Amino acid sequence: MISLAIGIAAAGYFIGEGLKNFYNPQAEGLLDSAEDEYELIREKDVHDFLNISKEDARSLTVEHPDIPHVVLNGTIYYPKHKLREWVMQLGES
């Protein structure tokens with residue numbers, strides 16, 4: 001009985017969130033912004049994300065060691081959201 005009540009409450013919440021953006025389908029949802037903020041890109045895939053050549057991506061990481069990154073088990077990862085912000089700041093200067 002309790003699980004049914006929790007299910008109905010959750011369904012009401014998600015339906016309500018969906019109706020908020022009914023006429024604006026391009027708006028970010030509840031989970032969209034959190035997913036992008038914590039998604040990591042491997043060092044070997046940075047060139048795809050930035051839409052540049054592998055050589056340009058490699059020289060960018062060598063010339064700018066201040067790029068926001070995380071090292072896990074010897075592999076370098078870049079937070080997608082922070083990398084996007086860093087590139088935008090780099091373009092402004």
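Since the structure is predicted, the reported quantities are computational estimates derived from the model, not experimental observations. (Residues numbered from 1 in each chain as written. Predicted model: local features only at pLDDT ≥ 70, side-chain atom pairs only at ≥ 80, totals over all residues. Heavy atoms only, no water.)

Caption draft 1: Spatial organisation of unusual backbone geometry. Here the phi dihedral of asparagine 51 falls at roughly 60°; this positive angle occurs in a residue that is not glycine. Phi at asparagine 73 is positive, roughly 55°, even though this residue is not glycine. Within the secondary structure, asparagine 73 sits in the loop between β2 (70-72) and β3 (75-79). (Helix = DSSP H or I, 4+ residues; strand = E, 2+ residues; numbered from the N terminus.)

Caption draft 2: Quick peek at the environment of aspartate 66. Here aspartate 66 is to be found in the loop between α4 (54-63) and β2. Separated by 20 residues in sequence, aspartate 66 and tryptophan 86 have C-alpha atoms that sit 9.4 Å apart.

Caption draft 3: Inspection of the nonpolar core at higher detail. Core analysis: the largest hydrophobic core is formed by seven residues, namely Ile41, Val46, Leu60, Ile67, Tyr78, Leu83 and Trp86. When neighbours within four sequence positions are excluded, leucine 60 is seen to be in contact with Leu50, Ile67, Trp86 and Leu90. (Core = buried A, V, L, I, M, F, W, Y, C linked by side-chain atoms within 4.5 Å. Buried < 20%, exposed > 50% of the residue type's maximum accessible area, 1.4 Å probe, protein only. Contact = heavy atoms within 4.5 Å.)

Caption draft 4: Structural view of the pairing of β3. For strand β1 (residues 40-42) and β3, the ladder comprises three bridges, and the chain directions are antiparallel. Following the sheet pairing, arginine 42 is matched in β3 by tyrosine 77. Relative to β3, β2 runs antiparallel, the two being bridged by three bridges. By the bridge assignment for β3, valine 71 is matched with isoleucine 76. Remark: two residues form the turn of the hairpin made by β2 and β3, two consecutive strands paired antiparallel; asparagine 73 in that turn has positive phi of roughly 55°. (Pairing = 2+ DSSP bridges.)

Caption draft 5: Focus on the sheet that holds β3. One open sheet accounts for three strands, arranged β1-β3-β2; its pairing is antiparallel. Looking at which strands have only one partner, the edges of the open sheet turn out to be β1 and β2. Adjacent strand axes in the sheet meet at a mean angle of 40°, parallel and antiparallel pairs treated alike. Helix-sheet contacts for helix α5 (residues 80-92) involve β1 and β3, and the interaxial angle to β3 is about 70°. (Axes fitted to C-alpha atoms, helices over the stretch in contact; angles between N-to-C directions.)

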